[in-house]
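Coordinates in review
If you want the building blocks of each chain, they are given just below.
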Amino acid sequence: MAKDISRRNFLRGGLAAAAGVAASPIILPTAAQAASGRELCTLLDLSKCIGCEECVSACREQWQPTVPDPVSPMPRPFPAKVPVQDWSGRKDVSDRLTPYNFLYVEHLDVPHKGQEIELHVPRRCMHCLNPPCADLCPFGAGRVENNGVVHIDPEVCLGGAKCKTVCPWKIPQRQSGVGIYLDIMPELAGNGVMFKCHRCLPLVEKGQQPRCVEVCPEQVQSIGPREQILAQAEALARAKATEDGASPDKWQDYVYGLTENGGTTTIYVSPMPFAAVAAAIEQNHAASAQPGRGRAARAKQGGRKKKRGFGGRPPMGPVEDVMAKADNLSLALVLAPVAGLAAGFTRLFGKKFKADDGDSKGEAA
Ligand code: SF4
Ligand code: SF4
Ligand code: SF4
């Protein structure tokens, strides 16, 4: 699939901007591609999901082998205060996002109209239209394809986790001790690679469906051009609102992903308003924070302040458009040349991202 702005052009733009040659405003590559109107979008009808996790298993079988194991011993991270994050001994974890698990299912009992309604919510990257994870990556490792897929190039990522910091759902997950930084200056830069759902990009590029879409026995997900999916989502949400005894004009209350973070290419439709789903998720996460253990528990007990990392289990509340904030956009413009230089640096010095068992490992994220 051709990219409107290739890495070479991006690099050239970044270098030109850094040298002060480019007098015209920098157009962010992702913004330009989001405007192309060719994004694929997924629609998840949560009424259909039975929580079987076939989608999770298929994703893991397909992509877990593409995420490399870390070197041993691991180099000390730089800066030293950066935590080492090693999930290689916990590849079986499937109830949250990890570098080895791009999709999980949130199992809920949602209180609604005096009843507890069972609901299952598959969660992974939302593939935002204007993703801060890609736009604000200081090393230019974030990519947005013409088809709307947002992914992280493991040949460029140094595992600094800026993408996770700026993602409203904290989706990308770090595996330390892997990636290009090992070939450059492991004691002076880097701490691994960030991984997340890439919407099965290598398969989609060949015209195939994402694995989680393909294997679902209930056809929970559909995929297609965003405009078409939005029309389907509206029709479905109007029906859900009506079934729920609400005005069909309230259909947007039953949709998630339409406007969150400025719009995404992952649209959920629920049988009840998303405010109730978000509250149930929050309650679920609070209940699973065991007393006396973990950051959340310590925070509840008045101890160390809880950091908003979500523990690989993202919430589902309202989300503002991160890139619409003027200071973030300014930061992106400042960082664009840095990203270009960084990409050039890694192209110059970086060896091919070596995988233990073959060529597919380089396509992990
Ligand atoms: S989306 Fe489909 S495969 Fe995944 S848990 Fe729901 S029903 Fe099962
Ligand atoms: S959900 Fe987060 S990681 Fe995914 S595209 Fe949006 S900002 Fe990036
Ligand atoms: S789209 Fe592909 S990579 Fe993403 S969650 Fe589904 S199976 Fe996994």
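Residues numbered from 1 in each chain as written. Chains lettered and ligands numbered in written order. Predicted model: local features only at pLDDT ≥ 70, side-chain atom pairs only at ≥ 80, totals over all residues.

1. Some remarks on the overall build of the protein chain
What counts, and what does not: In DSSP terms, a helix is any run of H or I states spanning at least four residues, a strand is any run of E spanning at least two, and both are numbered starting from the N terminus. Each residue is classified by how many other C-beta atoms fall within 10 Å of its C-beta atom, where C-beta atoms are placed from the backbone; a count of 20 or more means buried, 12 or fewer means exposed, and values in between mean partly exposed. Contact between two residues is assigned whenever their backbone-derived C-beta positions fall within 7 Å.
Across its full length, the protein chain holds 11 helices and 10 strands. Residues classed as buried in the protein chain amount to 42% of the 365 residues present. In the protein chain, of all internal contacts separated by at least 6 residues, the share reaching a separation of at least 24 is 70%.

2. Quick word on the environment of E39
Within the secondary structure layout, E39 lies in the loop between α2 (29-34) and β1 (40-45). Accessibility expressed as a C-beta count within 10 Å gives 23 for E39, which makes it buried. Remark: the alpha-carbon pair of E39 and V144, spanning 105 residues in sequence, is separated by 10.0 Å.

3. Some details on the site of ligand 1
As a reminder of what qualifies: Being near a molecule or strand means, for a residue, that its C-beta atom, positioned from the backbone, comes within 6 Å of it. In the scheme used here, Gly and all other residues not listed as nonpolar or charged are polar, with Ala, Val, Leu, Ile, Met, Phe, Trp, Tyr, Cys and Pro taken as nonpolar and Asp, Glu, Lys and Arg as charged.
Close to ligand 1 lie 13 residues, the nearest being C49, C52, E54, C55 and C216. The set of elements that each furnish at least two residues to the shell around ligand 1 consists of α3 (54-63) and β3 (115-123). Class assignment of the residues belonging to the shell around ligand 1 gives a composition of 8 nonpolar, 2 polar and 3 charged.

4. Things to note about helix α9 (residues 274-288)
Counted only if it meets this: Take the number of residues in a helix, subtract one, and multiply by 1.5 Å to get its expected span. Taking the helix axis as origin, the arc is that swept by the directions to the C-beta atoms.
An ideal rise of 1.5 Å per residue puts 21 Å on 15 residues; α9 measures up with 21 Å between its terminal C-alpha atoms. Within the sequence span of α9, burial applies to F274, V277, A280 and I281. Mapping the buried residues of α9 onto a view down its axis gives an arc of 115°, with all of them on the same face. The exposed residues of α9 that point more than 90 degrees off its buried face are A275, A286 and A287. Its buried side turned inward, α9 meets β2 (104-112), β3 and β9 (255-256).

5. Description of the sheet that holds strand β8 (residues 221-225)
Let me state the cut-off plainly: Whether two strands pair depends on DSSP finding at least two bridges between them. Structural elements are reduced to axes, namely lines fitted to C-alpha atoms, with helices fitted over the stretch in contact, and the angle between N-to-C directions of any two is expressed from 0 to 180 degrees.
With mixed pairing, the 4 strands of this open sheet are ordered in space as β8-β1-β10-β9. Looking at which strands have only one partner, the edges of the open sheet turn out to be β8 and β9. The pairing of β9 with strand β10 (residues 266-269) spans 2 bridges and is antiparallel. Looking across to β10, one finds that V255 is bridged to V269. Most of the contacts of helix α8 (residues 226-243) go to β10, to which it runs at about 15°, and overall it touches β1, β8, β9 and β10.

6. Points about unusual backbone geometry
That bond from S72 to P73 is cis: its omega, -5°, falls within 30 degrees of zero. Inspection of the secondary structure puts P73 in the loop between α3 and β2. In the Ramachandran plot, K113 falls in the positive-phi region, its phi being about 55° despite a non-glycine side chain. Tracing the sequence through the fold places K113 in the loop between β2 and β3. A positive phi angle, near 50°, is found at N261, a position not held by glycine. Structurally, N261 is set in the loop between β9 and β10.

7. Re the nonpolar core
As a rule of thumb, nonpolar side chains are buried together in soluble globular proteins. Formally: Note on definitions: a nonpolar core is a set of buried residues drawn from Ala, Val, Leu, Ile, Met, Phe, Trp, Tyr and Cys, linked by C-beta atoms within 7 Å.
Among the nonpolar cores identified, the biggest contains 75 residues, and L103, C157, C163, V255, I267, V269 and V277 are the most heavily contacted of them. Ignoring sequence-local partners within four residues, the contact set of L103 consists of C55, V56, C59, P122, R124, C197 and C212.

8. Topic: the pairing of β2
Both β2 and β3 contribute to a ladder of 9 bridges, which runs antiparallel. Across the sheet, the residue bridging to H107 is H120, located in β3. With antiparallel pairing between neighbouring strands as the criterion, β2 and β3 make up a hairpin whose turn holds 2 residues, including K113 at a positive phi of roughly 55°.

9. A look at α8
Taking 1.5 Å as the rise per residue, α8 with 18 residues should run 26 Å; its terminal C-alpha atoms sit 25 Å apart, in good agreement. Every buried residue belonging to α8 is among R226, I229, A233, A237, K240 and A241, and all of these are buried. Here the buried residues of α8 occupy an arc of 100° about the axis, which is enough to place them on one side. Summarising the geometry of α8, the exposed residues directed more than 90 degrees from the buried face are E227 and A231. Tucked into the core, α8 has its buried residues touching β1, β8, β9 and β10. Backbone geometry just after α8 places G245 at a positive phi near 85°.

10. Overview of the environment of V215
The topology assignment puts V215 in helix α7 (residues 211-215). Residues V215 and C59 lie 156 residues apart in sequence; the distance between their C-alpha atoms is 9.6 Å. Here V215 is in contact with E54, C55 and A58, once residues within four sequence places are set aside.

11. A word on the confidence of the model for the protein chain
Selection rule: A score between 0 and 100, pLDDT records how confident the predictor is in each residue.
Per-residue confidence for the protein chain averages 80 on the pLDDT scale, and 72% of its residues sit at or above 70. Every residue in residues 1-36 scores below 50 in pLDDT, and together they form 58 contacts with partners more than four places removed in sequence or on other chains. Taken together, the stretch residues 293-306 has pLDDT below 50 and engages in 16 contacts with residues farther than four places along the chain or on a different chain.

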